Each structure stands twice: as structure tokens, then as C-alpha cells.
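In case you want the letters, here they are:
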Amino acid sequence: MSSFDSKAVFLDRDGTLIEDKGYICDFTQVTVFPFSVAAVRLLNDNNFKVIVITNQSAVARGICSEQQVQELHRSLTIFFSEKGVVIDDFYYCPYHEEGVIEKFRKKHECRKPAPGMILQAAADHGIDLERSFFIGDNECDILAGANAGCRPVLVLTGKGEQVRGELEQKKIEPYLIAPDLLSAVQKIAN
Ligand SMILES: [Mg+2]
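Residues numbered from 1 in each chain as written. Predicted model: local features only at pLDDT ≥ 70, side-chain atom pairs only at ≥ 80, totals over all residues. Heavy atoms only, no water.

Visitor: Kindly report on the overall build of the protein, identifying the contributing residues and their values.
Guide: Across its full length, the protein holds 6 helices and 6 strands. Going from N to C terminus, the protein has its helices and strands arranged as β-α-β-α-β-α-β-α-β-α-β-α. For a compact globule of 190 residues, the expected C-alpha radius of gyration is about 16 Å, and the protein comes in at 16 Å, within 12% of that figure. If one aligns the C-alpha atoms of the protein with their principal axes, the spans along those axes are about 45 × 40 × 40 Å. Relative to its 190 residues, the protein shows a buried fraction of 51%. In the protein, 66% of the contacts between residues at least 6 apart in sequence involve partners at least 24 apart. Entry remark: accessible area of the protein is about 9,100 Å², with carbon and sulfur atoms responsible for 48%. (Helix = DSSP H or I, 4+ residues; strand = E, 2+ residues; numbered from the N terminus. Rg over C-alpha atoms; globule rule 2.2 N^0.38 Å. Buried < 20%, exposed > 50% of the residue type's maximum accessible area, 1.4 Å probe, protein only. Contact = heavy atoms within 4.5 Å. Areas by Shrake-Rupley, 256 points an atom, 1.4 Å probe, with all protein chains shown as cover.)

Visitor: Help me get a handle on the pairing of strand E2 (residues 48-55), residues and values and all.
Guide: Walk down a regular strand and you will see the side chains alternate between the two sheet faces. Most of E2 sits inside the fold, with 7 of its 8 residues counted as buried. Strand direction decides the pairing type here: strand E1 (residues 7-11) and E2, joined by 5 bridges, are parallel. Paired with Lys 7 across the bridge in E2 is Phe 48. Direction of pairing for E2 relative to strand E3 (residues 89-93): parallel, over a ladder of 5 bridges. If you follow Asn 55 over to E3, its bridge partner there is Cys 93. Where the polypeptide runs from E2 across helix H2 (residues 66-81) and back to E3, its parallel neighbour, the crossover connection is right-handed. (Pairing = 2+ DSSP bridges. Right-handed = clockwise from strand over helix to strand, strands pointing away.)

Visitor: Describe the coordination of the magnesium ion, and please don't skip the residues or the numbers.
Guide: The protein atoms that coordinate the magnesium ion are Asp 12 (OD), Asp 14 (O) and Asp 137 (OD), at distances of 2.1 to 2.2 Å. Given the relative accessible area of 14%, Asp 14 is considered buried. (Donors = N, O, S within 2.8 Å, 3.2 Å for Na, K, Ca; no water.)

Visitor: Kindly report on the sheet that holds E1, identifying the contributing residues and their values.
Guide: Spatially, E3-E2-E1-E4-E5-E6 is the arrangement adopted by the 6 strands of the open sheet, whose pairing is parallel. Sheet topology places E3 and strand E6 (176-178) at the edges, where each strand pairs with a single neighbour. Strand-to-strand, the axes of this sheet are offset by a mean angle of 20°, without reference to chain direction. Along the sheet, helix H1 (residues 36-45) makes contact with E1 and E2, crossing E2 at roughly 135°. Contacts between helix H6 (residues 181-189) and the sheet are confined to E1, E2, strand E4 (133-136), strand E5 (151-155) and E6, with E6 contributing the most and set at about 140° to the helix. (Axes fitted to C-alpha atoms, helices over the stretch in contact; angles between N-to-C directions.)

Okay, structure coming up:
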């Protein structure tokens, strides 16, 4: 019996679930996209785990503390749970090779496009990656999803419009391209 029997939709954070405003450290700076609650609800209703996977080099760059990133993710979890929907977990990668904080100044296998965070989440939550999806607005999301063995979906919010052209030039084909998170989820869920 395999314990990897759950399916998941992994979500990028900035530009996919919430507006991309550059480096943000505090929940007061967050604008959740108006369709995100409905999207997460649809995933909950279809038995997908919902797991946010985000690069946060702001930590290595000395812009935000790890504590601030964790606090922001707790606030987001509460924001969604107050609307009756569940985000199962958040994973973030604080590392960057050009960081100024010694502890986080390194190239690390967790940073997308590497699949480290997705593989960790799959192990923690018993996820079957072949039945799972990664939704994001950037090339690193599409590559991380593919590198982890799940189906990558590009949304055209955030950096998505620009990235769509770049992927075409590089002949990288996502499993699906959708205008935003809700329409992506609507296509995946049935
Ligand atoms: Mg993004």
C-alpha cells in the first residue's frame, strides 16, 4: 500500500494567489486576488491538497526576516480559513546566492526551478505527484513543477503574460495556460 495517495495543487504565491508587489514582509501589504478564495474552495471540494510554494529571497537579501515570512503565511492561512476554505501548508525558500545574510547566502535545492520544496511537501503530505499540478506565473514555477514530475500550469496574472512569450521562444510548453487561478482550477478540477 502506498502512502502517497493524495493529490495536490501546488500554488505559487506572488502573482498567482496574491498580487505581485515585489518584496513584501507584512500582511497589510497583501492583496489577495478576488478569485483566489473561490479557487481554493473548488480545490478543497475536489479533494486536492492546496500547498503554497514560494521563493522568498527577500530573507537572504535582508529585506524580511524569516519570522515575518512565517507570520505573513499564518495571516494568509487565517484569511482563507475565515472564508471557510483551507490552505494546507506553505513552503518558502529563504536562500539566494547573492544574499547579504550569511546564513542564507547560498544556492539551495529548495529554490524554484529546483523541485526541492515540492518533493519535501510530497513527502510530508503523502502526495502522488503524477496526479498533481503546479500553478504559477513564472518560468521557475513551470520548470519546478515539471522537475518534480507534476503537471505545470501557467496563469497570465502577475508576470504570466510576459512569461508566456518567453516560454514560447524557449519551446517550453506548460500542461495548460489559463487567464487566472480560478480558471486554471476550473479546468483541472473536472
Ligand atoms: Mg509568482
